[in-house]
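# Architecture and fold: a report
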Amino acid sequence: MKKPLLASALVCGAAALLSPAAHAADKVKIGFISTLSGPSAALGVDIRDAFLLAVKLNGGKLGGLPAEVIVGDDQFKPDVGRQLAEKNIKLDKVDFLTGFVFSNIMLASVPVAFENKVIYVSPNAAPSPLAGKQCNPYFFAVSWPNDAYHEAAGQYATQKGFKNAYLIAPNYQAGKDSLEGFKRFYKGKVASEVYTQLGQLDYSAELAQVRAAKPEALYAFLPGGMGINFIKQFVAAGLSKDIQLIVPGFGSDQDIIRPVGDSMLGLFDTAHWALDFDNPANKKFVAEFEREYKRLPSLFASQGYDAALLIDSAVREVKGRIEDTEGVRKALKSAKFQSVRGPFKFNRNQYPIQNYYLRVVGKDSQGRIVNKTMGTIFKDRGDAYVQECPMK
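Let me begin by describing the structure that accompanies this report.

## Section: empty space enclosed by the protein
The tally for this structure, following the rule as stated, stands at two cavities of 30 Å³ or more. Residue lining of the largest cavity: 15 residues in total, with Val101, Asn124, Trp144, Tyr172 and Phe221 positioned closest to the centre. Class assignment for the residues of the lining of the largest cavity results in eleven nonpolar, four polar and no charged. Taken together, Ala220, Leu222, Gly227, Phe230, Ile231, Val247 and Gly251 form the lining of the second largest cavity. Broken down by element, the residue count for the lining of the second largest cavity peaks at three residues, all from helix H8 (residues 225–236).

## Comments concerning the side chain of Gln303
Topologically, Gln303 is positioned in helix H11 (residues 299–317). The contacts of Gln303, once residues within four sequence positions are left out, are Pro123, Asn124, Val142, Ser143, Trp144, Tyr149 and His272.

## Here we look at the pairing of strand S9 (residues 189–196)
For a regular strand, side-chain orientation follows a simple rule: the groups alternate between the two sheet faces. When strand S8 (residues 164–170) meets S9, the two strands line up parallel, connected through seven bridges. Looking at the pairing, Ala169 lines up with Tyr195 of S9. In the classification by handedness, the crossover that spans S8, the intervening helix H6 (residues 173–185) and the parallel S9 is right-handed.

## So, the pairing of strand S6 (residues 119–122)
Burial of S6 is two-sided: the residues Ile119 and Val121 facing one way and the residues Tyr120 and Ser122 facing the other way are all buried. Summarising the sheet, strand S5 (residues 96–98) and S6 pair through three bridges and their orientation is parallel. For Phe96, the partnering residue across the bridge sits in S6 and is Ile119. Taken together, the three bridges between S6 and strand S7 (residues 139–141) define a ladder with parallel strand orientation. By the bridge assignment, Ser122 is partnered in S7 with Ala141.

How each quantity is defined
- Residues numbered from 1 in each chain as written.
- Predicted model: local features only at pLDDT ≥ 70, side-chain atom pairs only at ≥ 80, totals over all residues.
- Heavy atoms only, no water.
- 1 Å grid on protein atoms, 1.4 Å probe; cavity = no way out; pocket = protein on both sides within 12 Å on 5 of 7 lines; lining within 4 Å.
- Points joined across faces, edges and corners; volume = space filled by probe spheres on them.
- Nonpolar A, V, L, I, M, F, W, Y, C, P; charged D, E, K, R; others polar.
- Helix = DSSP H or I, 4+ residues; strand = E, 2+ residues; numbered from the N terminus.
- Contact = heavy atoms within 4.5 Å.
- Pairing = 2+ DSSP bridges.
- Right-handed = clockwise from strand over helix to strand, strands pointing away.
- Buried < 20%, exposed > 50% of the residue type's maximum accessible area, 1.4 Å probe, protein only.

Next up, the structure:
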């Protein structure tokens, strides 16, 4: 994962190799900043790989313009993310910014984009403050509101009749949003609500507390390396025999399944996308991603791919006149692209309105461990904060 794609700059397609004297209108420049090293690197790598795949499948272009994608690793550090954003915007003069995985890094970095009227298209982090009172015309979330997967999980836990649930999440914005979302739709008793350190990998103390509490269900939001270690330790402690573990989709997706293996089987999760979605855009994406990278895509990859398709649609809609920021913004909001998730549209706050599904981890016809769609939990769900957004 640390080979050429982690270079500070990556130019996609021979057409993007333009002379220094070329005008900005002759190409579109994307600043892509993500977590590409450390225990949570798999998330950023999947987003990056899928974004670059979409550009490659478009012949190295976005919206008909040659595309230059400048890739930077935020190293899971807010200050590094901010520095890279400043470089992309002030020195590289990018037309769009994208890529961040984690809300705390994104929130530290995107203000420089907003101040310079550069649009940020989020392929993942979509925290509640930017959905409500702090909504911003230069912020578009192509993923899901931070609360959404957790709201669906809370609804599922309620439908299953779990009378008490133990909640665990990391102590940062997305972690707080996650448990608030779960509680918004969970009607049972919350046995305990625990916040761990962001990036924590040893959960022996927390699992001892879970064992003592004896909840019927345990809801855990622990993305990336945190989730990998937690599930391994949860199963090794023997807790999976007595406690139903429920996670958001990214808590049991391909980036977790690959290192954990059979221990994932039978685990339920909630998500807006799955490998088995039967639409042409998704079939193409899954096949091309596996062909290019020799692995199945995760939902993070699906979001990176959609982020590129959204930008592609907007640049094409304005006929390459990307200097018209307001025109580009309107084109993005119209979302005229075929999402791998199926139906997609933006709410007033530029967060998505979409369906959320129940998935279960099982084996496909080739014996591979994958998520399978079980049913729809929410249809055309927006978010809990849009009424606070002053944008029209």
